[in-house]
2 protein chains.
Amino acid sequence: MKKNRATIHDIALKLNITASTVSRALNDNPRISDATKKKVLKVAKQINYQPNHIASALRSGKSKLIGVIVPTANRNFFSSVIRGIEELANSLNYKVIISQSYDDFDKEVQTVEALLNARVDGIIASIAKTTENVDHFQKIIEKGIPLVLFDRITNLLEVSQVVIDDHYGAYQTVDHLIKNGCKRIVHFSSNPRINIYHERKRGYEDALKDNGIEVDPKLITFSNLQLEDGRRIMQEIIDSKIDFDGVFSSSDYSIMGALQVLKENGYKVPEQVKIAGFGNEPFTSFTEPPITTVDQKSIPMGKITAESFFELLNAGSSSPVAKKTILKPELIIRKSSINNS
Amino acid sequence: MKKNRATIHDIALKLNITASTVSRALNDNPRISDATKKKVLKVAKQINYQPNHIASALRSGKSKLIGVIVPTANRNFFSSVIRGIEELANSLNYKVIISQSYDDFDKEVQTVEALLNARVDGIIASIAKTTENVDHFQKIIEKGIPLVLFDRITNLLEVSQVVIDDHYGAYQTVDHLIKNGCKRIVHFSSNPRINIYHERKRGYEDALKDNGIEVDPKLITFSNLQLEDGRRIMQEIIDSKIDFDGVFSSSDYSIMGALQVLKENGYKVPEQVKIAGFGNEPFTSFTEPPITTVDQKSIPMGKITAESFFELLNAGSSSPVAKKTILKPELIIRKSSINNS
DNA sequence: TTGAAAGCGCTAACAC
DNA sequence: GTGTTAGCGCTTTCAA
C-alpha cells in the first residue's frame, strides 16, 4: 500500500523550479519554454507522475466529467449512442459517467443530484418513461451546467436536443404496410406524454389518413411496450375478434411478443398479418420471419449529441444556443411485412 | 450562471459555529449534539447546500467512486451484474462509473488508467477478450486499491473473483444433449486463454468422456463467438460433410447464427440437430425453436461481486483476502435440444 | 519566461 | 461537544 504518489512538487524539486511552472508545463501553457516543458515531461515519466484530477477539479472548477443518463444501457440503441458520446468525449480528454435511471422517475431525480454533486461539467440525458416533471433538469440549467437531451426529450425545457424524426419513421412504416395490402393496422403505443410515442402515433394516423383509411381508436393500444405487454395485448385483440391485418408497434420488444402470440394462435405472418416494430434491435433480424423495423441511427445520434454538448460547453455562458437536431430514421424492410413474391 | 454555491462556511456563519462542526454534523459524527445536527441540517436545506464531493475527495482521499469495467454494457448479462453492483453501492453512498472496454486490450489499459486518475476508490472488472497481459491490473493491486474480477477472470492475479462454475454448466448441457440422443456434438469455443472458454470446453470434453464418447478435435472450433462467427462456422461444417447431430456453443450469439444456417440448409432443429448455447440472453427464448442455454446468474453475481468488493474496501490494508466465489449456473432447457414427445 | 502566494471546499489531528 | 489549525494537490492571479 504505497501512498507516496508523485505530485508536481516532486517534479519541481528535482528540477529546481516551482510547482506553478511544472503545472503550466504539464498543461502545455504557451508561456513556458520548450526546454522546460521537455524536462518536466521527462521527469514526470521517470517518477511515474499521475495527475490528480480531483485536485485540479477542485481548484479549476472543471471535473472533465460528463454524466450520461439513460433508461438502461442494456438496449442496443442506448449503448450505441453511449459509444458515440464516449468516442468524442475521450478524444477531448473527458470521461463519461454512465448512469441508468431504469426508467424510474425517482431514480432519475437522484441520479441528477448525484451527478451534480460529483461536479460533472455537464449532463446528457434521455428521459425516463415514468418521469412526471422536469424540475430536476430545470435545476441543471439554472446552475448554468450544459444539458443535452436525446431521443426521449421534452419540450418543456429550453435545451439542445437530438432526436430522430419519429413521425417520419412511423409514417413510412405504416405507409409501407398499407402499400403491402394492410387495411386494419393495430398500433402499440405508450405514454403519449413522451414525445417519441406521441410522434409515432401521429405518424401512424397521418399515414392512414393520407391513404384514405379511417383511424379506428379500437386499434390503438397503450402500454409499457415490453415483450409481455405485446403478448397480452395481442391476445386480447385476438380474443375480442376485432378485425385486423397488420400491427405496427412503437417498440421491437412488444412486436416480438405479438409475433409469438400470433403464431401461437395459428396466424401466418406475413401472409395473414403483417407486422413492423421500431428500434432495429438486433433480435428483430433473428426471428421467424425477420421483423420489419425502423433504425434509429444510434451511431450518428451519439456523435451529434456529443458535438452539441461540447458546443454548449465551449460557448459557456455567452450564447445559450438551444439547438434541435432531427435525424432521418431508416425503414428496414424484412419478411414480416411483405407479400410473398 | 450562478457560481455562488453554498458551502459549509455559509452554514457555519449563519449558526455562529465553525465549519468543522458543520462538517461533522453533516457526516453524522457521534461527537456532535443532536441539537446542533438538527440546526445544521435545517440551514443546509434552507440555503440549498450541496456537498462538494470533489473537495471532500481531495481532503479525505476517498472519492466514493467505484469504477466498473465491462467489455460491453450492451449485453444482458453485464447490465444485470452492473445493476446488482449499483444497488449495493448506491445504498452505501457510492457512485458507480461504468466503463466499456469494447473487448479491446488497449482501451482496457487506458480505461484503468483513466479510472485511477479519477481516483476511484476501487475497481470491479471483467476482462476483455483480447487482453494479452494483466500488468495494468497488477498496477491497481500494487497501489493498494481494491480490485474484484467477475466472470472473465484470470488466475495470474491474486484478487477476489466471482465466477460461475463454467465447467459444471457446460457439463450439464452436453450431458443433457447426449441423454437426448446426440453422439457427435460440435463445440464453439473461443480464446482458451480466457478462463470461461477454457472451462466450458473442459466441461464439454468431460461430459463426452463420462458418457463413453470420444472427443473429436474436428468438432471443436475457435472464434469470437459472434453471430457471424456462428454462421460461418456452421456453414463450413455443413460444407465439409463432417457428421454431427448436436451443437453446443459457449455463446448464445454464435448458436443463434448456427441456428439460422442450419435452417437455411434445411436441417430440422431439434429433430435432426440439437443445439444449446450459453448465457441466457433474452433472444434465446424468442427464436424458433427457443434455444436451450445456461443462465449465468447475473443478479446474484452482481450482488456478490459488490459484497466482495466492499469487504475488501473495508478490510483496508489489513488482510488482503483474495476470495473466490463460484456460483452454480442453471441449465435452461428449451425445445432446441429435446426430442419431440 | 518563471516565481510567490493564495485558496478551491472540505476533513482531521489536536486542543480545550 | 466544539473550535483551531493545517493542508490535500493543483491552478491562477499578480509580480518580477
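Position numbers for residues count from 1 along each chain, tracking the sequence in the order it is written. Chain A is the first chain written and ligand 1 is the first ligand written, with later ones labelled in order. With the structure being a predicted model, the display of local features is reserved for residues of pLDDT at least 70 and the display and counting of side-chain atom pairs for 80 or more, all residues being used for whole-chain, interface and lining totals. For side-chain calculations, the full set of non-hydrogen atoms in the structure is used, while hydrogens and water are omitted.

Per an unreviewed UniProt entry, chain A goes by the name LacI family transcriptional regulator and belongs to Algoriphagus aquimarinus.

Notes on the protein's contact with DNA strand C
Selection criterion: Residues are counted as near a molecule or strand when any one of their heavy atoms sits within 4 Å of it. Distance and chemistry together define a polar contact, namely a pair of N or O atoms within 3.5 Å, with one atom able to donate a hydrogen and the other to accept it when in protein, and with adjacent residues in sequence counting only for side-chain atoms on both sides. Strands are runs of DSSP state E lasting at least two residues, helices are runs of H or I lasting at least four, and both sets are numbered from the N terminus onward. In the scheme used here, Gly and all other residues not listed as nonpolar or charged are polar, with Ala, Val, Leu, Ile, Met, Phe, Trp, Tyr, Cys and Pro taken as nonpolar and Asp, Glu, Lys and Arg as charged.
Neighbouring DNA strand C are 26 residues; A:Thr21, A:Arg59, B:Ser23, B:Tyr49 and B:Arg59 lie closest to it. The contact atoms of DNA strand C, taken as those within 4 Å of the protein, divide so that sugar and phosphate hold 57%. A distance of 3.0 Å separates a phosphate oxygen of DNA strand C from a polar backbone atom of A:Ser33. Take B:Arg59: an N or O atom from its side chain is 2.4 Å from a base oxygen of DNA strand C. Only helix H2 (19-26) and helix H4 (53-60) of chain A together with helix H1 (8-15), helix H2 (19-26) and helix H4 (53-60) of chain B provide two or more residues apiece to the surface near DNA strand C. Of the residues in the surface near DNA strand C, the class split is seven nonpolar, 13 polar and six charged.

Describing the domain arrangement of chain A
The criterion, for reference: Boundaries of every domain are those given by an automatic assignment or by a domain database.
Examined at the domain level, chain A breaks down into domain 1 (8-51), domain 2 (62-164 + 298-326) and domain 3 (166-296 + 331-337). Between the C-alpha centres of domain 1 of chain A and domain 3 of chain A there is a distance of 62 Å.

Topic: the UniProt feature "domain: HTH lacI-type" (unreviewed entry) in chain A
Selection criterion: UniProt positions are given in the numbering used here, feature names are shortened, and annotations may be inferred rather than shown by experiment.
Within this numbering scheme, the UniProt entry marks residues 6-60 of chain A as carrying the feature "domain: HTH lacI-type" (unreviewed entry). The span residues 6-60 of chain A shows a helical share of 67% and a strand share of 0%, and its end C-alpha atoms are spaced 20 Å apart.

Focus on the pattern of salt bridges
Residues and elements named next belong to chain A. Condition: When a carboxyl oxygen of Asp or Glu lies within 4 Å of a side-chain nitrogen of Lys or Arg, that pair is called a salt bridge. Using a 1.4 Å probe on the protein chains alone, a residue whose accessible area is under 20% of its type maximum counts as buried, one over 50% counts as exposed, and one in between counts as partly exposed.
On inspection of all chains with the given rule, the structure shows 37 salt bridges over all chains. A salt bridge links Arg75 to Glu281; its shortest N-O distance comes to 3.2 Å. Highlighted residues: Arg75 in the loop between strand S1 (65-70) and helix H5 (76-91) and Glu281 in the loop between strand S9 (274-276) and strand S10 (293-295), separated in sequence by 206 residues. Of the residues examined, Glu281 reaches a relative accessible area of 5% and is grouped as buried. Because the salt bridges share partners, they merge into one network encompassing Arg184, Asp216 and Lys218.

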